[in-house]
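Fold and contact review
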Amino acid sequence: MSLMAPAAERKLTGLVAATFTPLTTQGEINLKEIGRYIDYLTEKQGVNNIFVNGTTGESMSLSVAERKILAEEWCQKAKGKMDQVIVHVGCMNLKDSQELAGHAAQIGADGIAVIAPSFFKPSTAEPLKMFLHEVALAAPTLPFYYYHIPAVTGVNVLASDVLEGIEELIPSFSGVKFSGVDLMDLGQCVSYSQPRWSVLYGVDEQLLAALALGAHGAVGSDSSYMLSCYRQIKKRHYNLSLPLHLCFLLITGFDVGVNKQLMIELSGLNLGPPRLPVMPCPHEQCLCIAQKYHSIFPEC
Ligand SMILES: CC(=O)N[C@@H]([C@@H](O)[C@H](O)[C@H](O)CO)[C@@H](O)CC(=O)C(=O)O
């Protein structure tokens, strides 16, 4: 019997790694690498919490069946090694999202996150909250996080408007993964946040500002390979190196393909290529980014 309190009683804080989805060179999901990935995160990066099948994990390019198999493998391999596994279950339609939410509950996930559907977009907070409510009903006891990422979804509804009154609609509501750049909206979310909620920031380039505004932690792809580095930065007061590194990445053209390749270079994991339409990173560009990374963080 586990002595750990149920996830609903464990507030999610700190740096949560958004994981990449390992694929084979033929583009099929590669379950074999997940155990090694978890060990790399716990042993080399000191990661305790993961966020799977999100943007970094290319969830929207995966089938529902693939997402289920992956979520199951992440949860199984994380047992006894990670504190919490949050599974992103948002899809373009309600039925698939509900199916994945119910599945996440069955496989012992510690929480679910849901993105706004972005083909038929909600134009105000109300229909979005109704959508989130319907998904939450499929897994009513699992901590529920709203995943706000307006630059990707094109859903320009303030996260703070979504949060207002949501605890009455979704009793399992546990916070927001805020991947927007509007720090005023983030601040509003923090001030509206209930004691057991987590406001987790997701734009790594602005993480320091978000923490200053009271965010309780972060969910980011960079935590997969930079967490040990963040600790060095904290120790040595290199506060500016982090945005510097990330800004360099952005200038050189940063997307999931580049990010995945950088993770492969730094971790040695076999993560394979991204799935179309995301293109793999040209080898030269990746070497150049890895070199820059090592020049800014020689000790990492
Ligand atoms: C659009 C995107 O991929 N954003 C990343 C960031 O960590 C991002 O890679 C970083 O800020 C560098 O731009 C995360 O917010 C994504 C994330 O947490 C997820 O996988 O769901």
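Refer to the structure above for everything that follows.
Residue numbers run consecutively from 1 along every chain, following the written order of its sequence. pLDDT decides what is reported in this predicted model: residues at 70 or higher carry local features, side-chain atom pairs at 80 or more are listed and counted, and totals for whole chains, interfaces and linings draw on all residues regardless. In computing side-chain properties, one takes all heavy atoms of the structure into account and sets aside hydrogens as well as water.

1. Thoughts on the overall build of the chain
Helix and strand definitions follow DSSP, with helices as H or I runs of at least four residues and strands as E runs of at least two, each counted in order from the N terminus. Within the chain one finds 13 helices and eight strands. We call two residues contacting when some pair of their heavy atoms lies within 4.5 Å. Within the chain, contacts between residues separated by at least 24 positions form 73% of all contacts whose residues are at least 6 apart in sequence. Each accessible area is a Shrake-Rupley result for a 1.4 Å probe, and residues are judged covered by the shown protein chains and nothing else. As presented, the chain carries roughly 13,200 Å² of accessible surface, and 58% of it is formed by carbon and sulfur atoms.

2. Comments concerning the sheet that holds strand E1 (residues 14-18)
Note on pairing: DSSP must find at least two bridges between two strands before they are called paired. Taken in spatial order, the eight strands line up as E1-E2-E3-E4-E5-E6-E7-E8 and close into a barrel, and their pairing is parallel. This sheet shows a mean twist of 25° between the axes of neighbouring strands, independent of strand direction. Axis lines are fitted through C-alpha atoms, for helices just across the contact stretch, and the angle between N-to-C directions can take any value from 0 to 180 degrees. Sitting on the sheet, helix H2 (residues 64-78) touches strand E2 (49-52) and strand E3 (84-88), and the angle it makes with E3 is about 175°.

3. Here's the deal with a nonpolar patch on the surface
Residues Met 60, Met 92, Phe 119 and Phe 120 make up a contiguous nonpolar surface patch of about 500 Å² in total accessible area. The residue Met 60 is located in the loop between E2 and H2 in this model. For Met 60, a relative accessible area of 43% puts it in the partly exposed group. A patch consists of residues exposed above 30% relative accessible area that lack any salt bridge, with like charges linked at up to 9 Å and nonpolar side chains (Val, Leu, Ile, Met, Phe, Trp, Tyr) linked at up to 5 Å. One side-chain nitrogen of Lys or Arg within 4 Å of one carboxyl oxygen of Asp or Glu is enough to make a salt bridge. Three labels apply to residues, based on accessible area from a 1.4 Å probe with only protein chains included: buried if under 20% of the type maximum, exposed if over 50%, partly exposed otherwise in between.

4. Remarks on the packing of aromatic side chains
Between 30 and 60 degrees the pair is tilted, below 30 it is stacked and above 60 it is edge-to-face, where a pair is any two Phe, Tyr or Trp rings, Trp via its six-membered ring, whose centres lie within 6.5 Å. In total, this model carries seven aromatic pairs according to the counting rule given. Ring geometry for Phe 178 against Tyr 201: centres 6.1 Å apart, planes inclined by 25°, an arrangement best described as stacked. Of this pair, Phe 178 sits in strand E6 (residues 173-178) while Tyr 201 sits in strand E7 (residues 198-201), and the two are 23 residues apart along the sequence. By the burial criterion, Phe 178 is buried, and Tyr 201 matches it. An aromatic cluster of three or more residues is present, and its members are Phe 144, Phe 173, Tyr 192 and Trp 197. Criterion for a charge above a ring: Arg CZ or Lys NZ at most 6 Å from the ring centre, at most 35 degrees from the ring normal. Between Lys 177 and the ring centre of Phe 51, over which it is positioned, the NZ or CZ distance is 5.6 Å.

5. Details of the packing of H2 against helix H3 (residues 94-106)
Viewed as axis vectors pointing N to C, H2 and H3 meet at an angle of 20°, and their least axial separation amounts to 10 Å. Overall, the two elements H2 and H3 adopt an arrangement that is roughly parallel. Considering only the axes of H2 and H3, their crossing is right-handed. Residues Val 64, Arg 67, Lys 68, Ala 71 and Glu 72 of H2 form the contact with H3, whose own contacting residues are Asp 96, Glu 99, Leu 100 and His 103. Looking at the contact of H2 with H3 residue by residue, the class counts come to three nonpolar, one polar and five charged. Working definition: roughly parallel below 35 degrees, roughly antiparallel above 145 degrees, roughly perpendicular at 65 to 115 degrees, and oblique for all remaining angles. Helix crossings get a hand from a simple test, with the near helix turned counterclockwise from the far one by less than a right angle marking a left-handed crossing and a clockwise turn marking a right-handed one. Put simply, Ala, Val, Leu, Ile, Met, Phe, Trp, Tyr, Cys and Pro go in the nonpolar bin, Asp, Glu, Lys and Arg in the charged bin, and everything else, Gly too, in the polar bin.

6. A closer look at the site of the ligand
In these notes, residues near a molecule or strand are those with any non-hydrogen atom within 4 Å of it. Around the ligand, 18 residues are found, and the nearest of them are Thr 56, Tyr 147, Gly 202, Glu 205 and Ser 221. We define a polar contact as two N or O atoms separated by no more than 3.5 Å, with the added condition that, inside protein, one atom must be a possible hydrogen donor and the other a possible acceptor, whereas residues neighbouring each other in sequence contribute only through side-chain atom pairs. Take Thr 55: an N or O atom from its main chain is 2.9 Å from an oxygen atom of the ligand. Ser 221 is positioned with one of its side-chain polar atoms (N or O) 2.7 Å from an oxygen atom of the ligand. Against a free-state accessible area of 500 Å², the protein chains account for coverage of 86% of the ligand. Grouping the amino acids of the shell around the ligand by side-chain chemistry returns seven nonpolar, eight polar and three charged.

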